[in-house]
Amino acid sequence: MDLIIRQGDLVLPGGKVQRGDVGIRDGVIAAIAPQLSESARREIDATGQLVFPGFIDPHTHMGIPILDTFSIDDFESGSRAAAAGGVTTILDFTVQRPGQSLEEALDERLALARGRCHVDFNIHVNITDRPERWLSQIEALCRRGFTSFKVFSTYRQAGMMIRWPQFRQVLAAIRDAGGLLMLHAEDNDLIERDTEAHLKAGRLDPIYHARSRTPEAEARAIQRAAEIAGELEAELYIVHLSSAAGLEAGLRARRQGVRIYLETCPQYLLLDESRYLQANGHWYITTPPLRSPADREALWAALARGDIDTVGTDHCPFTRAQKEAGGRQFHRTPNGLPGVEWLFPLLYTYGVAEGKLSLQRLVSVLAENSAGLFGLDHRKGRLAPGMDADLVIWDPSARGHIDGARQHGRADWSPYQDFPLAGRVRWTLVRGHTLVADGHFVGQEVHGSLIPARSRTQTASG
Ligand code: URP
Ligand code: ZN
Ligand code: ZN
């Protein structure tokens, strides 16, 4: 063995915890047993620590254009933050510029990630410019290992919105190619109506971001999209679900037989719209907006029940200076929050340690389910022999808190400032490479690699 992790409390598929050793050879988990008799070139004593499969953040945006600026992390800094928090695979998105084909946009994005991303990655393909023109590229992209696509039912003024007839065409093409369509679900008509009313009346404070993009807008878009998915018998993935109304629309569709998957984010589980009333409320502008405490609790309950499939961060950080440049006006402030470093520590602390989430649910929503939905489950998502040696060793006895001034990405603040944490990431390994050692990021060389996804038809046939 190259490395043996000794006597950790291993969080196995299904959430079962078993004390034992993990042996790693050539970047793969070679053996798991109560006690391995082999020797290894290196050993880590994990006594008293939980050993998890590496976590997957299915939703990040490194260095994307928003308003007149760019989210501040690039693949290097953002993946450093990911590794520090136990995320070993990120799924980011292309940025399709007007006139650019899906393939060109993807190749441009891959060029930014390759050789810079510390953790493993794949890229979702955004379809924002004249979708009908690029339908013929979808199948080839799936064959190349890019099987997930995303569209927006809003952001018309930014030139990114898809209309429902186009949505239908795109969804059918992705279904036929064995891919998965992701939707940013907000009803643009409602949003434009409410936004214009507030702007006209001079209501520009951050809280009007939430008043302009309502739960009703989210629910209406989910309902419409799910109707189409039902008619086409196609699968559909809703990103960053934020509200009880949106949740109910998704669950209603599921009860009617639609294969709809739901993703939420830590900000909708842990923060609420009262943040917009703080002096720095404009820093919290993100889309969809933060919601009410009741929405937050509905999402927790759904997560615990298994009605929400994944948790991603929508990591899209801006510095305080970038946020300030919007003059504290909701429509001029770049939208997005940092998150990837705290995905797992927050879910462990406020889910598992508080008794809201079982370990089984935690590994499902942070690893297994994303691996399955995005065609990576032949290598990622489970602590089992044959899988990539992506591991996180977590010390549940450590105590600390989040400090925006001491993070691994480029954001100089955190929406979770001073949140206590019930543990600490001690080690993060990606395919056997050590990125975090004894609590410190040590990834001098870049080891992250593109992991081609298997299409849904390949996955189904094993
Ligand atoms: O405000 C956010 N979340 N920015 C990133 C883009 C998006 O809509 O996910
Ligand atoms: Zn979005
Ligand atoms: Zn996003």
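Residues numbered from 1 in each chain as written. Chains lettered and ligands numbered in written order. Predicted model: local features only at pLDDT ≥ 70, side-chain atom pairs only at ≥ 80, totals over all residues. Heavy atoms only, no water.

K.L.:
Whenever I open this one, the coordination of the zinc ion (ligand 2) confuses me. Can you help?
P.N.:
Reference values for coordination geometry: four tetrahedral donors around a metal ideally subtend 109.5 degrees, six octahedral donors ideally subtend 90 or 180 degrees. Looking at the zinc ion (ligand 2), one finds its protein donor set to be His 184 (ND1) and His 240 (NE2), positioned 2.1 Å from the metal centre. Taken together, the four donor atoms coordinating the zinc ion (ligand 2) span angles of 55 to 150° at the metal, a pattern that classifies the geometry as irregular. Residue His 184 is classed as buried on the basis of its relative accessible area, which comes to 1%. Its relative accessible area of 2% is what places His 240 among the buried residues. (Donors = N, O, S within 2.8 Å, 3.2 Å for Na, K, Ca; no water. Tetrahedral: all angles 85-135°; square planar, octahedral: opposite > 155°, others 65-115°. Buried < 20%, exposed > 50% of the residue type's maximum accessible area, 1.4 Å probe, protein only.)

K.L.:
What exactly am I supposed to notice about the pairing of strand β14 (residues 260-264) here?
P.N.:
Looking down a regular strand, the side chains alternate between one sheet face and the other. Counted residue by residue, β14 has five buried out of five residues, so it is predominantly covered. Residues of β14 alternate between two faces, with Ile 260, Leu 262 and Thr 264 on one and Tyr 261 and Glu 263 on the opposite face, all of them buried. Pairing analysis gives four bridges linking strand β13 (residues 236-241) to β14, with the strands arranged parallel. Of the residues in β14, the one forming a bridge with Ile 238 is Leu 262. Taken together, β13, helix α8 (residues 244-255) and β14 constitute a β-α-β crossover, and its handedness is right-handed. (Helix = DSSP H or I, 4+ residues; strand = E, 2+ residues; numbered from the N terminus. Pairing = 2+ DSSP bridges. Right-handed = clockwise from strand over helix to strand, strands pointing away.)

K.L.:
When you look at the coordination of the zinc ion (ligand 3) in this model, what are you seeing that I'm missing?
P.N.:
Distances from the zinc ion (ligand 3) to its protein donors, His 59 (NE2), His 61 (NE2) and Asp 314 (OD), fall at 2.0 to 2.1 Å. Considering all four donor atoms around the zinc ion (ligand 3), the spread of angles at the metal, 86 to 144°, places the coordination shape in the irregular class. Donor residues for the zinc ion (ligand 3), ordered by position in the chain, follow H-x1-H-x252-D. The exposure class assigned to His 59 is buried, which follows from its relative accessible area of 0%.

K.L.:
Just checking my understanding: could you explain the pairing of strand β20 (residues 433-437) for this structure?
P.N.:
In terms of residue burial, β20 counts as a mostly covered element, since four of its five residues are buried. Bridge analysis of strand β19 (residues 424-430) against β20 gives three bridges, and the strand direction is antiparallel. Counterpart to Val 430 in the pairing with β20 is His 433. Two successive antiparallel strands, β19 and β20, enclose a turn made up of two residues, where Arg 431 displays a positive phi of approximately 45°. The pairing of β20 with strand β21 (residues 440-441) spans two bridges and is antiparallel. Counterpart to Val 436 in the pairing with β21 is Phe 441.

K.L.:
Could you clarify how one ought to interpret the sheet that holds strand β12 (residues 180-184) in this entry?
P.N.:
What holds strands together in a sheet is hydrogen bonding between their backbones, with the strands either parallel or antiparallel. The strand order β6-β9-β10-β11-β12-β13-β14-β15 describes an open sheet built from eight strands, whose pairing is parallel. Single-partner strands in this sheet number two, and they are β6 (55-57) and β15 (310-311). Of the strand pairs in this sheet, strand β9 (residues 87-93) and strand β10 (residues 120-126) are connected by five bridges, and their pairing is parallel. Pairing of Phe 93 across the sheet is with His 124, part of β10. Docked against the sheet, helix α4 (residues 164-177) engages β11 (148-152), β12 and β13, running at close to 150° with respect to β12. Across the sheet, helix α7 (residues 215-232) is in contact with β12, β13 and β14; its angle to β13 comes to roughly 170°. (Contact = heavy atoms within 4.5 Å. Axes fitted to C-alpha atoms, helices over the stretch in contact; angles between N-to-C directions.)

K.L.:
For this particular structure, what's the right way to read the layout of surface pockets?
P.N.:
Regions of empty space are outlined by a rolling probe, equal in size to a water molecule, passed over the atoms. Reported here for the largest pocket is a volume of approximately 1,100 Å³. Lining the largest pocket are 46 residues, and of these Ile 66, Tyr 155, Ala 158, Met 160 and Asn 335 sit closest to its centre. Every element with two or more residues in the lining of the largest pocket is listed here: β7 (65-66), β11, α5 (188-200) and α6 (207-212). No other element matches α5, which puts six residues into the lining of the largest pocket. A class-by-class count of the residues in the lining of the largest pocket yields 16 nonpolar, 21 polar and nine charged. Taken as a whole, the second largest pocket holds about 490 Å³ of empty space. Within the residue set of the lining of the second largest pocket, elements represented by two or more residues are β17 (400-401), β19 and β21. (1 Å grid on protein atoms, 1.4 Å probe; cavity = no way out; pocket = protein on both sides within 12 Å on 5 of 7 lines; lining within 4 Å. Points joined across faces, edges and corners; volume = space filled by probe spheres on them. Nonpolar A, V, L, I, M, F, W, Y, C, P; charged D, E, K, R; others polar.)

K.L.:
What is the right way to read the nonpolar core from this model?
P.N.:
Most often, soluble globular proteins have nonpolar side chains that are buried together. One finds Phe 52, Ile 90, Phe 167, Phe 344 and Leu 362 to be the most contacted residues of the largest nonpolar core, which totals 106 residues. Filtering out sequence-adjacent residues up to four positions away, Leu 362 remains in contact with Phe 52, Phe 344, Leu 347, Tyr 348, Val 352, Leu 357 and Ala 367. Leu 10, Val 22, Ala 46 and Ala 389 belong to the second-largest nonpolar core, a separate cluster that totals 17 residues. (Core = buried A, V, L, I, M, F, W, Y, C linked by side-chain atoms within 4.5 Å.)

K.L.:
Whenever I open this one, empty space enclosed by the protein confuses me. Can you help?
P.N.:
Counted according to the given criterion, the structure contains two cavities of 30 Å³ or more. The residue makeup of the lining of the largest cavity, split by class, is five nonpolar, four polar and three charged. In this model, the second largest cavity occupies a volume close to 40 Å³. Lining the second largest cavity are Pro 53, Gly 54, Arg 379, Lys 380, Gly 381, Arg 382, Met 387, Asp 388 and Asp 390. Residue composition of the lining of the second largest cavity, by class: two nonpolar, two polar and five charged.

K.L.:
Got a minute to help me understand helix α10 (residues 293-305) in this structure?
P.N.:
Under the 1.5 Å per step criterion, the end-to-end length of α10 is 18 Å for 13 residues, consistent within 8% with the ideal 18 Å. Turning to α10, its buried residues number three or more, namely Asp 295, Arg 296, Leu 299, Trp 300, Ala 302 and Leu 303. The buried residues of α10 all sit within an arc of 165° when viewed along its axis, so they share a single face. Residues of α10 that are exposed and point over 90 degrees away from its buried face: Ala 294 and Arg 305. Phi turns positive, to about 95°, at Gly 306, one or two residues after α10. (Expected span 1.5 Å × (residues − 1). Arc of directions from axis to C-beta.)

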